[in-house]
Amino acid sequence: MPPDHPVWRSGTFVPWDRATVHASSVGHASVSASFEGVHAYRGADGGLAVFRLHDHLRRMLNSISWADLVSPWSLEELVEATLELCRRNDRHEDTYIRPWCFAAGVHREQMVPAGTEVEIIIDVWPFRSKLGTDTTAKAAVSSWTRFGANAMPPQLKAFSNYHNGRLGTNEARARGADWPIFVNQEGHLTESSGANLAIVRDGVLVTPWLASGVLDGITRATVLQLCRESGVPTEVRAIGRAELLQAEEVLFIGTAAEVLPIVEVDGRPVGQGTVGPVTARIAGLYHDAVRGKARTADGARPFHPEWRIPVWG
Ligand code: PMP
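Please read all numbers here as calculations on a predicted model, not as lab measurements.

**Concerning the nonpolar core**
- Of all hydrophobic cores here, the largest spans 29 residues; its most connected members are Val50, Leu53, Ile64, Ile97 and Ile120.
- The set of elements that each furnish at least two residues to this core consists of strand S4 (38-42), strand S5 (48-51), helix H1 (53-66), helix H2 (75-88), strand S7 (95-103) and strand S8 (116-126).
- The element best represented in this core is H2, accounting for seven residues.
- Not counting chain neighbours up to four residues away, the residues in contact with Ile97 comprise Glu36, Gly37, Val38, Ala40, Val50, Thr82, Cys86, Ile122, Asp123 and Val124.
- Formed by 23 residues, the second largest nonpolar core is a distinct cluster that contains Phe51, Leu131, Leu224 and Leu251.

Right, dumping it as structure tokens:
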């Protein structure tokens, strides 16, 4: 993107290279900051549409209120701001949308007080989807425990939460893998640093329940719904670490990860060490959903036009 491309900042469009904050507001004042990652996909009809935009922005408003901060902007105002930002940036191809927020103003006290208003920024840039490619990844179970819900709520998408994820990611990379898998204090599987986790056992897609301490992922919800509508059996429950050894397939699901097959965990192949049939099926269903591929004549393909918010009307 050119350095003067517009970003949305608390109600106005400003050139990216002039959307600055004072250095004093970076540091402990940004501890409560939170963000979202959203994808807009060019659809089967050629038009760009944002996938589940309301759900992402609703989650950011929840992150703000659960952190005892206040948004001056409503859901509908943020939806309209996002769509207008895509238009002002003349986006027609696949686009990553990054809304984020932090306490407005300069705060010198260590704890930003409850009730502080946030600034909200939205930026966009191109991304390349891996759906329909043969991308796979390797994972490593992290020696870092996932922070528990009594430490900080995993359902709040605060930047602070990502320190745990970053430590695990660095460790995974040092061990020759791509991404970590975290267990919680009970030893149950949770998620990766930026994606939810699922395994396949006896053809059933199993994903940790929220009580294990995972983000209430929008892709996770999408995949569970698509599976139910397509006859793929699902279970949502606590998953023991040893089940990773028993799993026929392991996959990451998330906006950025999309549906990512994990073919190796801790140096051991998962199943045959190739993309399994359930993962391939789910990746296909997800791909059709984000690109808005129409219902087949026999109605076999789930069709959710309500998930795709058109940018260009
Ligand atoms: N877990 C974590 C820690 C994440 O950062 C993400 C990405 N937002 C996810 C799961 C997946 O969430 P979603 O499908 O809503 O993008």
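**A word on the layout of surface pockets**
- Each pocket or cavity is described by its volume, and for the second largest pocket that value is around 350 Å³.
- Considered class by class, the residues forming the lining of the second largest pocket number 14 nonpolar, five polar and one charged.

**Examining the domain arrangement of the chain**
- As assigned here, the chain comprises domain 1 (6-126) and domain 2 (137-291).
- For domain 1 and domain 2, the distance between their C-alpha centroids amounts to 26 Å.
- In this assembly, 22 residues from domain 1 lie in contact with 20 residues from domain 2.
- Buried area between domain 1 and domain 2, both sides added, is near 1,900 Å², and the carbon and sulfur share of it is 61%.
- Looking at the side of domain 1 facing domain 2, the largest losses of area belong to Phe35, Tyr41 and Arg59, adding up to 33% of the total buried there.
- Our count for the contact surface shared by domain 1 and domain 2 stands at one salt bridge.
- Here Asp94 makes a salt bridge to Arg291, at a shortest N to O gap of 2.8 Å.
- Looking at the side of domain 1 that touches domain 2, the elements with two or more residues in it are strand S3 (34-35), S4 and H1.

**Remarks on the site of the ligand**
- In the neighbourhood of the ligand, 16 residues make up the surrounding shell, with Lys157, Tyr162, Glu191, Thr219 and Thr255 lying closest.
- One nitrogen or oxygen atom from the side chain of Glu191 is found 2.7 Å from a nitrogen atom belonging to the ligand.
- Coverage of the ligand by the protein chains reaches 95% of its 390 Å² of free accessible surface.
- Residue composition of the shell around the ligand, grouped by class: four nonpolar, eight polar and four charged.

**What about the packing of H1 against H2?**
- As a packed pair, H1 and H2 sit with axes 10 Å apart at the nearest point and diverge in direction by 125°. The orientation of H1 with respect to H2, classified from their angle, is oblique. By crossing handedness, the relation of H1 to H2 is classed as right-handed. In contact with Leu53, His54, Leu57, Arg58 and Leu61 of H1, H2 contributes Leu75, Glu76, Leu78, Val79, Thr82 and Leu83.
- Of the residues in the contact of H1 with H2, the class split is seven nonpolar, two polar and two charged.

**Some points on helix H6 (residues 277-290)**
- Between its first and last C-alpha atoms H6 spans 20 Å; for 14 residues at 1.5 Å apiece the expected length is 20 Å, and the two agree.
- Of all the residues in H6, the buried ones are Val278, Thr279, Ile282, Leu285, Tyr286, Asp288, Ala289 and Val290.
- Two residues or fewer past H6, Gly292 is found with a positive phi of approximately 65°.

Quick notes on the rules
- Residues numbered from 1 in each chain as written.
- Predicted model: local features only at pLDDT ≥ 70, side-chain atom pairs only at ≥ 80, totals over all residues.
- Heavy atoms only, no water.
- Core = buried A, V, L, I, M, F, W, Y, C linked by side-chain atoms within 4.5 Å.
- Buried < 20%, exposed > 50% of the residue type's maximum accessible area, 1.4 Å probe, protein only.
- Helix = DSSP H or I, 4+ residues; strand = E, 2+ residues; numbered from the N terminus.
- Contact = heavy atoms within 4.5 Å.
- 1 Å grid on protein atoms, 1.4 Å probe; cavity = no way out; pocket = protein on both sides within 12 Å on 5 of 7 lines; lining within 4 Å.
- Points joined across faces, edges and corners; volume = space filled by probe spheres on them.
- Nonpolar A, V, L, I, M, F, W, Y, C, P; charged D, E, K, R; others polar.
- Domains from an automatic or database assignment.
- Buried area = accessible area lost by both parts, 1.4 Å probe.
- Salt bridge = Lys/Arg side-chain N within 4 Å of Asp/Glu carboxyl O.
- Near = heavy atom within 4 Å.
- Polar contact = N/O pair within 3.5 Å; in protein donor to acceptor, adjacent residues only side chain to side chain.
- Areas by Shrake-Rupley, 256 points an atom, 1.4 Å probe, with all protein chains shown as cover.
- Axes fitted to C-alpha atoms, helices over the stretch in contact; angles between N-to-C directions.
- Parallel < 35°, antiparallel > 145°, perpendicular 65-115°, else oblique.
- Left-handed = near helix turned anticlockwise from the far one by under 90°.
- Expected span 1.5 Å × (residues − 1).

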